[in-house]
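# Report on the structure
One letter stands for each residue in the lines below.
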Amino acid sequence: MIFPIYAFGQPVLKKKAEPVELSADKLQPIISDMLETMYFCKGVGLAAPQVGLSIRLFVIDSSKLNADDERKKKSEEGIKEVFINAEMIEESGNTISLEEGCLSIPNVYGHVERKETIKIRYYNARMEPIEKEFTGFTARVIQHEYDHIEGILFVEKIKPLKKQLIKRKLEDIKKGIINSRYKMKFV
Ligand code: ZN
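Residues numbered from 1 in each chain as written. Predicted model: local features only at pLDDT ≥ 70, side-chain atom pairs only at ≥ 80, totals over all residues. Heavy atoms only, no water.

## A few points about the overall build of the protein
- Looking only at helices and strands, the protein has 3 helices and 7 strands in total.
- Ordered by position from N to C terminus, the α and β elements of the protein give β-α-β-β-β-β-β-α-α-β.
- Relative to the 2.2 N^0.38 estimate, which gives 16 Å for 187 residues, the radius of gyration of the protein is 16 Å and therefore close to what a compact globule would have.
- Overall, the C-alpha framework of the protein stretches about 45 × 35 × 30 Å when taken along its three principal axes.
- Buried residues in the protein amount to 47% of all 187 residues.
- Taking all contacts inside the protein whose residues are at least 6 apart in sequence as the whole, residues at least 24 apart take part in 69%. (Helix = DSSP H or I, 4+ residues; strand = E, 2+ residues; numbered from the N terminus. Rg over C-alpha atoms; globule rule 2.2 N^0.38 Å. Buried < 20%, exposed > 50% of the residue type's maximum accessible area, 1.4 Å probe, protein only. Contact = heavy atoms within 4.5 Å.)

See the structure below:
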């Protein structure tokens, strides 16, 4: 099932999500629908609050990015992974500024500064505890989705001048004045 995407302005996107019970039976259908939704919307990541669920769960597939997208180095293969009850342990390395977008905020893009490398703890789709380091584009996708479960949107992290420029666009999205390729849920 393809979920509608909760649009900018929906309160669930601003809430810190709650840890979820580690039950494969309960989570498997949600995970599979979230992956289906992410691929349908052509996203590289999707967090549960974006489909209206305030739980600490997100999926990513950083291998799906166009080969010619310069944000991803040729050497990077990317990964497909499910992150349940993730907790960021450490962010390190150089600070890099790259353009981001978000399925909840269509047609809005902006540069966000993030650390190059992260260490994160989470449970995967088989409910196995994992502690792992990620770097490059994959780390960035994880950081963006992790922000979602913390109730933070990328537009809050862009430079004030650019923020001013997109203000009108954000107001329009809030009101449902937007053309998106997929179904959305507005306030
Ligand atoms: Zn997003």
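## Here's the deal with the coordination of the zinc ion
- Around the zinc ion, the protein contributes the donor atoms Cys102 (SG), His144 (NE2) and His148 (NE2), which lie 2.1 to 2.2 Å from the metal centre.
- As a motif over one chain, the donors of the zinc ion read C-x41-H-x3-H. With His144 and His148 both in helix H2 (residues 136-149) and 4 residues apart, this pair spans about one turn of that helix. (Donors = N, O, S within 2.8 Å, 3.2 Å for Na, K, Ca; no water.)

## Concerning the pattern of salt bridges
- In the structure shown here, the tally under the stated rule is 14 salt bridges.
- Across the salt bridge formed by Lys26 and Glu21, the nearest N and O atoms sit 2.8 Å from each other.
- According to the relative accessible area criterion, Lys26 is exposed, its value standing at 53%.
- In the salt-bridge network here, residues are joined through shared partners; they are Glu100, Arg114, Arg140, Asp147 and Lys157. (Salt bridge = Lys/Arg side-chain N within 4 Å of Asp/Glu carboxyl O.)

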